Amino acid sequence: MLFLAPPTDHEMPLKSLRGRGRYLGLENRLEVTSLDLDLKGPSAHLSAVIDGVGNDMTVDAKGILKNLAVNDFSRYWPRAWGTSAQAWSVSHLSEGNVSEINATLGMRSNGQGGLRVERLDGDMDIEGITVDYLPPMPKVKKVFGKAKFTKKRFDITISSGEVTDLTLHKGSVFFTDLDRVDQFADIELFIGGPLKNALRFLDSKPLGFASAVGINPSETGGASATHLKLRFIVENALTLDQVEVSATSRLKNVSIAKILLGQDIKNGGLDLKVDKRGMDVTGEIELGSFPAFLGWRRNFGDKVPFRNLYDVNLYIKDFHRISDLGLDLGPLADDNINGDILTELRLTDYDDHPDNLEVTADLTRLAMEFPALGWSKGKGIGGMAEIDLKLQGDLIIDVPRFTLTGGGMVLKGSARYTADGAKLVRINLDRIIYGRTDMSGDLVPGDDGGWTLNFRGASFDLAPMFENLFKDKPGKKNPTLRFSLSAALDRVWLGPDRALRRLVGTFARDGDRWSDIILDAEGDEDKWITLTLEPGG
């Protein structure tokens, strides 16, 4: 056993030693030119110059230590030779080996019978060690790389390793201010592996990112490449508030269950950035069955303006597939709208009140026909639609606004649902303008699948439909086109120059046929007209 007298005050295993040196009495100097030690496993080669032996002593030493097991650091590294650097290494490094340590050391008497470390410089080659950088986060294991240390800092540069079930491609762990009361850690890790494992890693305390986002890692799929940065004061029981953290990830083949509008994300190629304030995700995905581009902002913490903000650009090849997103198309679900559509969705998710969904759609590639209004738009004719919806969970509880422009049409309105979002109550048409039509109205769904329509206003152009009112053609039965209509209009156009004034009436349509028309109106020469019309009668 080798005993190192105070102020080093340390003992370590020793099998043999061989040294050479000299003592210069006049100068009170001890020169150790060579000291070779077999430490029962590790081996060391040292040299040193000690001035003022026994008085105001200074020590300048350098040495090489080889083949040291990391778990034996405390046995072979005297605490007096490195103080905080030694203490951190012993408590945070384990397993594996150090193939070689090179160090230089300068010490001086502290006036109290001990030595004060004034200078420490060293480096080591590390092989398969474990680094416990931020308990209780998962340790970085099987680390290969190099480390450098001084009395002020301990730096580990990682060339490879692993953390949980992820591969650590490279990284660094820097501990600074080791000579002060408070020490700090700066850590960078470049990690790759399955997305679910990366999310579990980022969900470790004190981070908790996956939980904060509301994602269950087990319900995800894909691959990730993550760059994690951490900075924190070195102390026990850290909270997230005490940790500066950021991570960027490139995610491939991402799948996340039920993340947006009740839909799964599939085949995603996403870029993720996250810090303590929130998370940003952008990239191409499939939302349900639709190709899309996603922008997602998630805010962390309390008293934030919103919790989630999703911006989604969707290409919908078949208009009627919109219902796959869980959106009730109501009277638009019939066969009179066909084609593909480019749609932008903005969903804002709040903690304390209903969510808001804004939809903007380019209607240029749609063919649209509203028989009850005598209006149509062909494919290739420009058009836009906008709609705002209030959501409670996946249910629509209110539509404060919608607009449609295109093909000469300007349509503005809103819609009302039951408080629980279970049923559409009414569609309000605040303004309908196209051609010679200028009116407003409302649509009320019936329990039998039909609709009750009410229109009022300055004018309605009936001319495009007028000739067909009296033709008895079999027409296909389409329950979504079954409705009754009441009207109170100042003027109803029957042709280019013919019109009825002050019309009040009711109309009924079943499929492609008008079944009943009853109206009162003022005709030519101020004559009052009362009509009851039945096709085929």
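Provided above is the structure to which this section pertains.
On a predicted model such as this, the values are computed, not experimentally measured, just so you know.

Engineer: How should I be thinking about the overall build of the protein in this particular structure?
Structural biologist: When you go through the protein residue by residue, the secondary structure sums to 5 helices and 34 strands. Relative to its length of 537 residues, the protein is extended, with a C-alpha radius of gyration of 40 Å against a globular reference of 24 Å. Principal-axis analysis of the C-alpha atoms places the extent of the protein at approximately 140 × 40 × 35 Å. For the protein, with 537 residues in total, the buried portion stands at 45%. Contacts in the protein between residues far apart in sequence, at least 24 positions, make up 45% of those at least 6 positions apart. A total of about 26,700 Å² of accessible surface is found on the protein, and carbon and sulfur atoms cover 50% of it. Distance from the positive charge centre (66 side chains) to the negative charge centre (77 side chains) of the protein: 4 Å.

Engineer: Can you walk me through the side chain of Ser440 in this structure?
Structural biologist: Topologically, Ser440 is positioned in strand β29 (residues 437-445). If sequence neighbours within four positions are ignored, Ser440 has contacts with Leu429, Asp430, Arg431, Asn454, Phe455 and Arg456.

Engineer: Looking at this model, I keep getting lost on the sheet that holds strand β23 (residues 366-370). Mind explaining?
Structural biologist: The sheet built from 3 strands is open, its strands ordered β20-β23-β24 with antiparallel pairing. Each edge of the open sheet carries a strand with a single partner, namely β20 (337-339) and β24 (375-377). The sheet shows a mean angle of 5° between the axes of neighbouring strands, direction not considered. Two strands pair when backbone bridges link them, and β23 and β24 are joined in this way by 3 bridges, in the antiparallel orientation.

Parameters at a glance
Per chain, the residues get numbers from 1 upward, laid out in the order the sequence is written. Local features in this predicted model are restricted to residues whose pLDDT is 70 or higher, and side-chain atom pairs enter the listing and the counts only when it is 80 or higher, whereas totals over whole chains, interfaces and linings include all residues. Hydrogens and waters are ignored; side-chain quantities use all the structure's heavy atoms. For the purposes of this entry, the term helix denotes a DSSP run of H or I that reaches at least four residues, the term strand denotes a run of E that reaches at least two, and both are numbered from the N terminus. The size measure is the radius of gyration over C-alpha atoms, and the globule rule it meets is 2.2 Å times the number of residues to the 0.38 power. Remark: exposure states derive from per-residue accessible area (1.4 Å probe, protein chains only) relative to the maximum for the residue type, with buried under 20%, exposed over 50%, and partly exposed in between. The criterion used for residue contact is that any of the two residues' heavy atoms lie within 4.5 Å. In these tables, accessible area is a Shrake-Rupley quantity obtained with a 1.4 Å probe, and a residue counts as shielded only by the protein chains included in the view. Within this scheme the basic residues Lys and Arg register as positive and the acidic residues Asp and Glu register as negative, but His and the chain ends are omitted. Throughout, a charge is located at the NZ atom of Lys, the CZ atom of Arg, the CG atom of Asp or the CD atom of Glu. One bridge is not enough; two strands pair if DSSP finds at least two bridges between them. All axes here are fitted lines through C-alpha atoms, helices being fitted over the stretch that makes contact, and every angle between N-to-C directions spans 0 to 180 degrees.

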